[in-house]
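Report on the structure
As a plain string of letters, each chain reads:
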Amino acid sequence: ELQLCDLCQSIAAAVATLTGAAVEPLVQRQAAQPIRLAASEGVPLALVLNELIFNAVKHGDPWAGGPVRVLIDCDDRAAWVRVTNPSLGRPPGLDFAAGEGLGTGLALVQALLPPDHAHLSLRSEYGYVGAELRLEPPVVQLLSAP
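Now for a look at the structure at hand. Source: prediction; values computed, not measured.

Rules used in this analysis
Residues numbered from 1 in each chain as written. Predicted model: local features only at pLDDT ≥ 70, side-chain atom pairs only at ≥ 80, totals over all residues. Heavy atoms only, no water. Helix = DSSP H or I, 4+ residues; strand = E, 2+ residues; numbered from the N terminus. Buried < 20%, exposed > 50% of the residue type's maximum accessible area, 1.4 Å probe, protein only. Pairing = 2+ DSSP bridges.

Take the environment of Ala107 next. Tracing the backbone through its elements, the reader meets Ala107 in helix α3 (residues 104–112). With a relative accessible area of 35%, Ala107 lands in the partly exposed category. The spacing of Ala107 and Phe96 is 11 residues in sequence and 8.6 Å in space, taken between C-alpha atoms.

Within strand β7 (residues 128–135), 6 of the 8 residues are buried, leaving the element largely enclosed by the surrounding structure. Here strand β5 (residues 79–86) runs beside β7; their pairing, made up of 8 bridges, is antiparallel. Paired with Arg82 across the bridge in β7 is Glu132. Pairing of strand β6 (residues 118–125) with β7, which is carried by 8 bridges, proceeds in the antiparallel orientation. When the sheet's bridge partners are listed, Leu120 is paired in β7 with Leu133.

Next up, the structure:
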């Protein structure tokens, strides 16, 4: 059984160790329930999350001094992983949905995302850039707490 929260915390810790960057994995759920990944999606999603967190470190604003944050949230219909970093903004011409302006990392993310029930959006606001990965069943299983 692979839990989304455990996977994100492990990847965030590994990225922080390898890069020396501050990465804060924050697990904050509105519903008290585990978020389990479908077995067939564990490896692709681990690679996607690794790339999103590494990209946040790599493209963050070194002068802002804030950490990369990884936030996990869910409701009864979907789970979200939000990766944010202090940044000067997205590169001009970057459009993930249209596949335009993607570097190697985001092209890999696009190729690895499950075609249905997984969606990535990127946004810039208030000095931060954020990537939000939305995962819906059957990619994730949202279980009631015991």
